[in-house]
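Observations on the model geometry
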Amino acid sequence: MWFMIHNINAPDALARRPAYEQAHWDYLRAAQDRMITAGPYFSSDGETRIGSIFIVDFPDAGAAKAWIDEEPFTKQGLYARHSIHVYDHRWPKVPET
């Protein structure tokens, strides 16, 4: 089942990010078979990072929560908060059989 994990940066996240960035990337690489897509999102100025979104494949919401709880940015408080939602891929449409 796919889940969208919506992360909102803590106010000081950008300043503290470099210290944990390698661990963050290593953690994501270790889960690459579960990653559908991931990336930051920005304020309307197109430059200020305000958070990130992961679309991940886990058997249930508990597994997705356990995974994001161990993510280095989460553990170091770089995300002020996150939410987990079931994600239903609808576009581009998959051809009907």
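Calculation notes
Residues numbered from 1 in each chain as written. Predicted model: local features only at pLDDT ≥ 70, side-chain atom pairs only at ≥ 80, totals over all residues. Heavy atoms only, no water. Helix = DSSP H or I, 4+ residues; strand = E, 2+ residues; numbered from the N terminus. Contact = heavy atoms within 4.5 Å. Pairing = 2+ DSSP bridges. Axes fitted to C-alpha atoms, helices over the stretch in contact; angles between N-to-C directions. Core = buried A, V, L, I, M, F, W, Y, C linked by side-chain atoms within 4.5 Å. Buried < 20%, exposed > 50% of the residue type's maximum accessible area, 1.4 Å probe, protein only.

**What about the side chain of Asn 7?**
For Asn 7, the location among the structural elements is in strand β1 (residues 2-9). Asn 7 has contacts with Tyr 41, Ile 50, Gly 51, Ser 52, Phe 54, Ile 68, Tyr 79, Arg 81 and His 82, leaving out every residue within four places of it along the chain.

**Comments concerning the sheet that holds β1**
Taken in spatial order, the 4 strands line up as β2-β3-β1-β4 in an open sheet, and their pairing is antiparallel. With partners counted over all chains shown, the strands left at the sheet margins are β2 (35-42) and β4 (79-86), one partner each. Geometrically, the sheet is characterised by an average inter-axis angle of 15° between neighbouring strands, direction not taken into account. Two strands pair when backbone bridges link them, and β1 and β4 are joined in this way by 7 bridges, in the antiparallel orientation. Looking at the pairing, Asn 9 lines up with Tyr 79 of β4. Helix α1 (residues 13-30) contacts β1, β2, β3 (49-57) and β4 of the sheet and is inclined by roughly 15° relative to β3.

**Some thoughts on the nonpolar core**
Ranked by internal contacts, the top residues of the largest apolar core, which has 16 residues, are Ile 5, Met 35, Phe 54, Val 56, Phe 58 and Trp 67. For this core, the secondary structure elements donating two or more residues are β1, α1, β3 and α2 (61-70). In this view, Trp 67 contacts Ile 5, Tyr 27, Leu 28, Ala 31, Met 35, Phe 54, Val 56 and Phe 58; residues no more than four positions away in its chain are not counted.

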